[in-house]
Amino acid sequence: MFCSIIRNNGFNYLSCINCISPFKNASMTKSIYPMLMLQDKKLADLAEEQEIFDKSKKLVMNVRVNLSESESESIDQEIIESIPIEKVPYKEDQYQHSFNINRNHYKHIVGVKGTMLQKLCSETKTIIRVSKKKKHVVIIGSIQKRIIHAKRRIDNLIQSSNNKLSFTHFISIPTNVSEVQQHFLKFKEDVLINCDKEATGIDKDMFQKPEKLHLTICMLHLLEDTDQRKAIRALNACKKEIIDPILQEKGPLTIEFRGLKCMERNSTKAKVLYAKVQEETGQLQKIADQISKYFVQQGFSRKEHDNVTLHMTVINTFYLKKKKQKFMHKNFDATQILKDHENTYFGKINLSTFHLSQLTAKSADGYFEATAKIEL
């Protein structure tokens, strides 16, 4: 259906080749016009996808060479069998593999004006179609190994793009027991009373909420429901393969929090202060490192350091940013705070649970909403 809006004698008209009657109704025009604009955008997106696909297909049709020997050897039969590849209907010499993607990954796979997708097609000798609307990718090729190679390349692009996206979840150990909350609030009160706020730049909104006190094991990208389900399975696997064996050998762990440390090297330009973790056996560090490594291997996290920095954040300028946008680059002088609270006791907990926490949602008790949790 083709529609157009015209203006005549002071009235807005909607004319359509399938609907000759004009509407002398400005409000109707206002409601219909955005719909037409949206429809035009959808058609434009489809046209762009088709154009990119046609260019990619043309590139592949013009290049008929086999995989290099090294490329072929890198993809063994076991890998081929692990990825579902089916024959293309009505084309016995063609194979295809399809899978879903997140909308956030579309631009990274396609590239500016389709340049990345065309490059992928040319270098892997496959035809790749990416639908932004359906969040779907189809790889077509005459040789299965080429399809696997293309899938690997796309997986790498997705992993790379994840590093540019905001985190959605994290693995945490709640530390918000009553004892820890009370010691934290006492620390907060002391800092706000005794520190020169103007000289240090400290602000009451920089402090963590007592009900959200926690240890962070690793940050995660879980963009789809399928990612969350896989992460839940991964957390359960960590319990079985990592946590339980260590605790069975060493027994229950008690974690104490004492003293302060600055996340930045220069304490005069601090952004994060955290309570230091005291755990004599070293098993908590071992558990944290292995869990973090496991989630990196699963593609849900990224490796930033060899070891997890065990910390319970008590002050973070990021909390201030959310309330006061003018302090986007604010830091503070933590020198005196670190000196005054070098050995401050923040309480202790018995290690009893791990959470797969949602970064932007909270539960009824004020802690981060748990997508899943494991009890020890």
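Quick caveat: nothing in here was measured; it's all calculated off a predicted structure. (Residues numbered from 1 in each chain as written. Predicted model: local features only at pLDDT ≥ 70, side-chain atom pairs only at ≥ 80, totals over all residues. Heavy atoms only, no water.)

Student: Quick question: what am I supposed to make of the packing of aromatic side chains here?
Tutor: The description of an aromatic ring pair uses the distance of the two centres, along with the angle that the planes make with each other. Inspection of the entire model under this criterion finds five aromatic pairs. Centre to centre, the rings of Phe170 and Phe368 are 5.0 Å apart; their planes meet at 90°, and the pair counts as edge-to-face. In this pair, Phe170 is assigned in strand β7 (residues 169-174) and Phe368 in strand β14 (residues 368-375), connecting sequence segments 198 residues apart. Here Phe170 and Phe368 have matching classes, each one buried. When the centroid spacing of 6.2 Å and the interplanar angle of 65° are considered together, the rings of Phe187 and Phe207 count as edge-to-face. Residue Phe187 is found in helix α7 (residues 178-194), and its partner Phe207 is found in the loop between α8 (197-200) and β8 (214-220); the two are separated by 20 residues along the sequence. Comparing Phe187 with Phe207, the two get one shared label, buried. Looking at Lys151, its charged tip hangs above the ring of Phe99, at a distance of 4.7 Å from the centre. (Phe/Tyr/Trp six-rings, centres within 6.5 Å; stacked < 30°, edge-to-face > 60°. Helix = DSSP H or I, 4+ residues; strand = E, 2+ residues; numbered from the N terminus. Buried < 20%, exposed > 50% of the residue type's maximum accessible area, 1.4 Å probe, protein only. Lys NZ or Arg CZ within 6 Å of the ring centre and 35° of its normal.)

Student: Explain helix α6 (residues 144-162) to me, please; I cannot follow it from the model alone.
Tutor: Since one α-helical turn is 3.6 residues long, residues separated by three or four positions face the same way. Between its first and last C-alpha, α6 extends 27 Å over 19 residues, near the 27 Å set by a 1.5 Å rise per residue. By the burial criterion, the buried members of α6 are Arg146, Ile147, Ile148, His149, Ala150, Lys151, Ile154, Leu157, Ile158, Ser161 and Asn162. (Expected span 1.5 Å × (residues − 1).)

Student: Before we go on, may I ask you to explain the packing of helix α5 (residues 115-124) against α6 in this structure?
Tutor: Relative orientation and spacing of two packed helices are given, respectively, by the angle between their axes and the distance between those axes. The N-to-C vectors of α5 and α6 enclose an angle of 150°; their axes lie 9 Å apart at closest approach. Between α5 and α6, the interaxial angle falls into the category roughly antiparallel. Seen from above, α5 lies across α6 with right-handed handedness. For the pair α5 and α6, the contacting residues are Met116, Leu120, Glu123 and Thr124 in the first and Arg146, His149, Ala150, Arg153, Ile154 and Leu157 in the second. Residue composition of the contact of α5 with α6, grouped by class: five nonpolar, two polar and three charged. (Axes fitted to C-alpha atoms, helices over the stretch in contact; angles between N-to-C directions. Parallel < 35°, antiparallel > 145°, perpendicular 65-115°, else oblique. Left-handed = near helix turned anticlockwise from the far one by under 90°. Contact = heavy atoms within 4.5 Å. Nonpolar A, V, L, I, M, F, W, Y, C, P; charged D, E, K, R; others polar.)

Student: Honestly, the pattern of salt bridges in this entry has me stumped. Any pointers?
Tutor: Between side chains of opposite charge, a pair can form as their charged atoms come close. One pass over the structure, following the stated rule, counts six salt bridges. A salt bridge links Arg153 to Glu123; the shortest N-O distance between them is 2.8 Å. Placement of Arg153 in helix α6 and of Glu123 in helix α5 is noted, with a sequence separation of 30 residues between them. For the salt bridge of Arg258 with Glu256, the shortest nitrogen-to-oxygen distance reads 3.0 Å. (Salt bridge = Lys/Arg side-chain N within 4 Å of Asp/Glu carboxyl O.)

Student: Is there a simple way to explain the sheet that holds β8 in this structure?
Tutor: By way of backbone hydrogen bonds, the strands of a sheet pair with one another, either parallel or antiparallel. With antiparallel pairing, the four strands of this open sheet are ordered in space as β8-β7-β13-β14. Of all the strands in the sheet, the pair left with one neighbour each is β8 and β14. With strand direction ignored, the average angle separating the axes of adjacent strands in the sheet is 25°. Two strands pair when backbone bridges link them, and strand β13 (residues 353-362) and β14 are joined in this way by six bridges, in the antiparallel orientation. Bridge pairing in β14 places Lys362 opposite Phe368. Across the sheet, helix α10 (residues 283-297) lies against β7, β8 and β13, angled at about 20° from β8, the strand it touches most. (Pairing = 2+ DSSP bridges.)

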